[in-house]
Amino acid sequence: MALSRLLPASRRSVLPAFQQARAIWNVSLPVLGGPGGAQITKYHIVKPGKDNVEYDDFLLALPERDHLASFTKEVPLFIRYLKVVTDQEERPEAFAAFLERAKTGLVVESDVYITTEELLALMWKNGYSDSERNAVQFTFPADYKFHYPELSVMFDIAEDDTYKFCMRTRMETSHIGELDHSKVKREGLIRDHWLIFGTGLFIFKSFPFFNYYFGIKVFGTSMWCYTMWSVLNRFISKTCRRNEYMAAQKTAQDVMEGEDAIITSMRRFANDAKCVEYLKTFRDDTESKMIDYRKALVVKMQYDLTERATKQLQAIASFEASMGSAMQELVVREAASSFKQKFPEDKAMQDQAFSAATKMLAGTELKAGEDPVAKHFADAFGSLQGVDLSSVKGSATGTLAERVAFAQQSKETEFQQSFMVTAAEAEEVKSLAAKAKAGSDYDFSKLPADAAARLDALYTSINNKVGYSLPDSLGTKPIKATSDGVANAYVDKVNANLSALDAKLREARLKSFVSAF
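These notes cover the structure that comes with them. Only a predicted model underlies this, so the values are computations on that prediction, with no experimental measurement involved.

**Overview of the overall build of the protein**
Of the regular secondary structure elements, the protein holds 21 helices and 10 strands. Buried positions account for 26% of the 517 residues belonging to the protein. A separation of at least 24 residues holds for 66% of the contacts in the protein among residues at least 6 apart in sequence. A total of about 35400 Å² of accessible surface is found on the protein, and carbon and sulfur atoms cover 60% of it.

As C-alpha cells, then:
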C-alpha cells in the first residue's frame, strides 16, 4: 500500500499485470522447500505448506484470537537484551516473570508481530533517543519479529494493547497470516453435502430427463467424489509433499556423498603433477640419502656395540663384587658350621668352655686362649692366611680352607659359564661349521633346519656372553602389494632383493662368527 503511493501512475498500472503473471510451475521454490511443500492460498499467493495451517487475509477474515496458529519461539537474544533494559529501568520482577514464561519456549501466535524496521520507526515517532534506537538496531537482525509478549515486557505495556496494535499493523498491510485449520474449517461438511443431494433429488425428481440414472448414478456419484475430495485432499496433499520432500532430501544426500567421494578421489592425484619434478632429482637425492643412511647405520652399530660391551662389563663387575661379599659371608658361616660340628665331639673343648663360663660368672678375667669359641674362630681365620685357595682341593665337608676353596671354585665355574665361551660351545660351533664347509668357503644353506637354528642360537648366546653386537638385519620391511598389477611386479622384485640382501648379511655374519673358532 505504501509502495503504491510512492510509484508513478504509469508504473502502478503495470503492477497488477506483473503480479498476475505467476506461472504454476514456479511454486516449488527453494525458499519454500520443506516437508509441507508450497501451498497456494485462495488469493493465488504461494506460502509454505504447514500441517493444520490455513492462510487468509487478516483484514478480510478478521480472525479471533483463538483462531490464530501458534508456535513455540526460542528467544535467547531477546532475553539478554531484556536483562539490560529491566536492570536500567529497575524492573527485575518483570524480567523474572518473562524468563519463567519463556523457560521452555515462548508460545505466541505466529503472525501477531511487528518487524525491526517497524519498531525503529515507532520509536523514532515516539521520541526515543538515538542510543535507544541504536541498541535495538545493533542487537536484533533486520528480519527479527517482535511478538506482542516481547513488546509488552519490553515497553511495560499490557499484552492486550500490544496484541491489538500488532494485529492492526498486520491488517493495514493486508497480511496473509496463518490460521488454525481445526478452528476455522467448515463444520458438518458431509452433512451439508448430503442435504444438498437429498434436497436436489427431491425437488428435481419430477423434472423431465431427471430420471433414476441421472439422479442416482451421475448426481450421486459426483456428490460422493466431491465429498471424499473435500475430506481427504489435505491428507493426500500432506502425504505427497512429505514423501516428495524426503525423496529430495535423500537425493541431495546422495549427491553430496557422491561429490565427497569425487573430491576424495581427486585428492589422491593432487600431487601427480610434481612426480616429474621429483623424478628429475631422484637419483641425486637417493645417492645423498644413501650416504647418510650408511653413516647412520655405522653409527648405530657403534652405539649398539658400545652399549652391549658396557652392560657386559658392568655385569662382570657386579658379579665379582657379589662374589667377594659372598666369600666373606662364607668364611664366617663355614667357621661357625665347623664349630658346631666339632664342639659336641671334643671333650676337651667342652671342659674348657665350662671352665671359661665358671670364671666369667666368678668375675675373673679370661686370658687369651681360655675361651674355646674365640680360640676356634681365631684359629679358623688364621688357617686361611698365606693359603693359595686356587691350589687347594675343594671339599664341601673338609677344613675351612677346603670349604672356601670349594665355594670359590664353584663361583669361578659359574663365572666361566656366564661370561666365557666354553670348550663345549667352541667344539659345537666347529662341528656345525664343518657341516657347512664348501671348499674354502661356507654354504650355510646346506645345514638342516635344526642345525641352522642351533647355529643361530650359539651365535646369539656367545655374542651375549662376550658383549658383542652385530645387526641381524638392515631394518627393512617388505612393501605391501597395491591394486595395480604393474606396480605389484615391481614391488615383488624389490621385496625379493631385500630378502636376498638379508640372506647375504646373515651369510656374512655367520662366516665371520665360525671363522673365529
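Here the narrative resumes, following the displayed structure.
**Structural notes on helix α21 (residues 485–515)**
The end-to-end C-alpha distance of α21 is 45 Å, a good match for the 45 Å that 31 residues give at a rise of 1.5 Å each. Listed as buried for α21 are Asn488, Val491, Asn495, Arg509, Leu510, Phe513 and Val514.

**What about the packing of aromatic side chains?**
For the structure shown, the criterion picks out nine aromatic pairs. Seen from their ring centres, Tyr81 and Phe140 are 5.2 Å apart, and the 75° between their planes marks the pair as edge-to-face. Residue Tyr81 is located in helix α5 (residues 76–89), and its partner Phe140 is located in the loop between α8 (130–139) and β7 (145–147); the two are separated by 59 residues in the primary sequence. You can call Phe140 buried: its relative accessible area is 3%. A ring pair is formed by Phe140 and Tyr144, whose centres lie 4.9 Å apart and whose planes are at 40°; its orientation type is tilted. The pair formed by Phe140 and Tyr144 is uniform in burial state, with each residue classed as buried. Among the aromatic residues, ring-to-ring pairing joins Phe78, Tyr81, Phe98, Phe140, Tyr144 and Phe146 into one connected group. Across the ring face of Tyr163, the terminal group of Arg65 is positioned such that the distance to the ring centre comes to 4.4 Å.

**Some thoughts on the pattern of salt bridges**
Using the criterion set out here, one finds 15 salt bridges in the structure. One salt bridge in this structure joins Arg133 and Asp130, with 2.1 Å as the shortest N-O distance. Pair noted here: Arg133 and Asp130 are both in helix α8, with a separation of three residues, about one helical turn. The class of Arg133 is buried, set by a relative accessible area of 18%. For Arg168, the salt bridge identified is with Glu172, shortest N-O distance 3.2 Å. On the criterion of helical spacing, the pair formed by Arg168 and Glu172 is a turn pair, its members being four residues apart in helix α10 (residues 159–172). According to the relative accessible area criterion, Glu172 is partly exposed, its value standing at 44%.

**Notes on the pairing of strand β8 (residues 176–180)**
Burial analysis of β8 places five of its five residues in the buried class, which makes it a mostly covered element. Pairing of strand β3 (residues 53–57) with β8 involves five bridges; the strand directions are antiparallel. Counterpart to Asp57 in the pairing with β8 is Ile176.

**With respect to the nonpolar core**
Counting 32 residues, the largest nonpolar core has Val75, Phe78, Phe98, Leu119, Val136 and Phe146 as its most contacted members. Going through the elements one at a time, α5, α6 (92–101), β5 (106–109), α7 (116–125), α9 (148–155) and α10 are the ones with two or more residues in this core. The element contributing the most residues to this core is α5, with five residues. Excluding its chain neighbours within four sequence positions, the residues that come into contact with Phe78 are Phe98, Phe140, Tyr144, Phe146, Glu150, Val153 and Met154. Grouped together as the second largest cluster of nonpolar side chains are 16 residues, Ala433, Ala436, Phe444 and Ala451 included.

**Brief notes about the side chain of Thr239**
Position of Thr239 among the secondary structure elements: in helix α13 (residues 212–268). On the basis of relative accessibility, which here comes to 18%, the residue Thr239 falls in the buried class.

**Here's the deal with the side chain of Thr162**
Among the structural elements, Thr162 can be located in helix α10. Side-chain polar atoms of Thr162 contact the backbone oxygen of Tyr148, separated by 3.2 Å. A polar atom in the side chain of Thr162 sits 2.9 Å from the backbone oxygen of Glu159. Filtering out sequence-adjacent residues up to four positions away, Thr162 remains in contact with Tyr148, Leu151, Ser152 and Ile157.

**Digging into a nonpolar patch on the surface**
Taken together, Ile190, Trp194, Trp224, Met228, Trp229, Val231, Leu232, Phe235 and Ile236 make up a surface patch of nonpolar side chains, about 880 Å² in accessible area. Sort the elements by how many residues they give to the nonpolar patch and α13 lands first, with seven residues. Summarising the element assignment, Trp194 is placed in helix α12 (residues 189–203).

Rules and cut-offs
- Residues numbered from 1 in each chain as written.
- Predicted model: local features only at pLDDT ≥ 70, side-chain atom pairs only at ≥ 80, totals over all residues.
- Heavy atoms only, no water.
- Helix = DSSP H or I, 4+ residues; strand = E, 2+ residues; numbered from the N terminus.
- Buried < 20%, exposed > 50% of the residue type's maximum accessible area, 1.4 Å probe, protein only.
- Contact = heavy atoms within 4.5 Å.
- Areas by Shrake-Rupley, 256 points an atom, 1.4 Å probe, with all protein chains shown as cover.
- Expected span 1.5 Å × (residues − 1).
- Phe/Tyr/Trp six-rings, centres within 6.5 Å; stacked < 30°, edge-to-face > 60°.
- Lys NZ or Arg CZ within 6 Å of the ring centre and 35° of its normal.
- Salt bridge = Lys/Arg side-chain N within 4 Å of Asp/Glu carboxyl O.
- Pairing = 2+ DSSP bridges.
- Core = buried A, V, L, I, M, F, W, Y, C linked by side-chain atoms within 4.5 Å.
- Polar contact = N/O pair within 3.5 Å; in protein donor to acceptor, adjacent residues only side chain to side chain.
- Patch = residues over 30% accessible without salt bridge, like charges linked within 9 Å, V, L, I, M, F, W, Y side chains within 5 Å.

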